[in-house]
Amino acid sequence: AKELKTQEQRINQISKAIRFSNAKISQHSNDLKQLEKTFRQQTTALKQQQAFLIQQLQRAYLHGEQSQAKLLLNSDNPQDLARDMRFFAYINEARNSKIEEFQEILNSIKQTEREILSQKKLLHGQKDKQEKNRLALKKEQKKRQQTLSKLKANIKNNSQRLEKMRQDQKRLES
């Protein structure tokens, strides 16, 4: 009976560990789904930034944007020159800002990829742990079943012995 109680406690512990493991797997799966969604959004944003930068570079090439030095040499009016220089500075600043944005998105994608990899490792580890717990549970349940079979056999044997003793007692009394 003590062995059976110990087995029952062990089965309860393993069952609790499996439930905990299921909750962890669910949490890691949800985290992974969220990270993958973030990754898709970041990839979309990166493609948009890339398309914008390509478009800007193509425009600059096709329109043959003049260099600032060429403008300085060709300009007769200082006001036009100052305005053109401010315009170039503005365009360059906007381009640099977009390039920095592009780089930030790339960095965030790399970080998200690392987090996805980490979540996948955690999820895999949790699934391995759960599988070990399931195997341990089956083993404990099998042991419990064997113990129960032994107890039933003992009870049956004891019942038969008791019945035989009662019959012997009746025979002796008569």
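What this report covers is the structure whose coordinates are included nearby.

Here is what the cut-offs are and how they apply
- Residues numbered from 1 in each chain as written.
- Predicted model: local features only at pLDDT ≥ 70, side-chain atom pairs only at ≥ 80, totals over all residues.
- Heavy atoms only, no water.
- Helix = DSSP H or I, 4+ residues; strand = E, 2+ residues; numbered from the N terminus.
- Rg over C-alpha atoms; globule rule 2.2 N^0.38 Å.
- Buried < 20%, exposed > 50% of the residue type's maximum accessible area, 1.4 Å probe, protein only.
- Contact = heavy atoms within 4.5 Å.
- Areas by Shrake-Rupley, 256 points an atom, 1.4 Å probe, with all protein chains shown as cover.
- Phe/Tyr/Trp six-rings, centres within 6.5 Å; stacked < 30°, edge-to-face > 60°.
- Lys NZ or Arg CZ within 6 Å of the ring centre and 35° of its normal.
- Salt bridge = Lys/Arg side-chain N within 4 Å of Asp/Glu carboxyl O.

So, the overall build of the protein
Helices and strands together make up the secondary structure of the protein, namely three helices and zero strands. Traced from its N-terminal end to its C-terminal end, the protein shows the element sequence α-α-α. Since a compact globule built from 174 residues should have a radius of gyration of about 16 Å, the 39 Å found for the protein marks it as more spread out than a globular shape. Counting all 174 residues of the protein, 20% fall into the buried class. In the protein, of all internal contacts separated by at least 6 residues, the share reaching a separation of at least 24 is 89%. Counting every atom, the protein has about 13900 Å² of accessible surface; 53% of that belongs to carbon and sulfur.

Re the packing of aromatic side chains
In this description, a pair of aromatic rings is defined by centroid distance and the angle of the planes. Applying the stated criterion to the full structure yields zero aromatic pairs. Positioned above the aromatic ring of phenylalanine 52 is the side chain of lysine 98, whose terminal nitrogen or guanidinium carbon lies 5.0 Å from the ring centre.

Points about the pattern of salt bridges
As enumerated under the stated definition, the model contains four salt bridges in all. Here glutamate 101 makes a salt bridge to lysine 98, at a shortest N to O gap of 4.0 Å. Placement of both glutamate 101 and lysine 98 in helix H3 (residues 78-173) is noted, with a separation of three residues, approximately one turn of the helix. For glutamate 140, the salt bridge goes to lysine 143, with nearest N and O atoms at 3.8 Å. Remark: lysine 143 and glutamate 140 occur in helix H3; sequence separation between them is three residues, near one turn of the helix. Classification of glutamate 140 as buried rests on a relative accessible area of 11%.

What to know about the side chain of asparagine 133
Considering the arrangement of structural elements, one finds asparagine 133 in helix H3. Residue asparagine 133 is classed as buried on the basis of its relative accessible area, which comes to 17%. Asparagine 133 has contacts with Ile14, Ala17 and Ile18, leaving out every residue within four places of it along the chain.

What to know about the environment of glycine 125
Looking at the element boundaries, glycine 125 is found in helix H3. Judged by relative accessible area, glycine 125 falls into the partly exposed class, the value being 34%. Spatially, the C-alpha atoms of glycine 125 and glutamate 3 are 32 Å apart, while their sequence positions differ by 122 residues.

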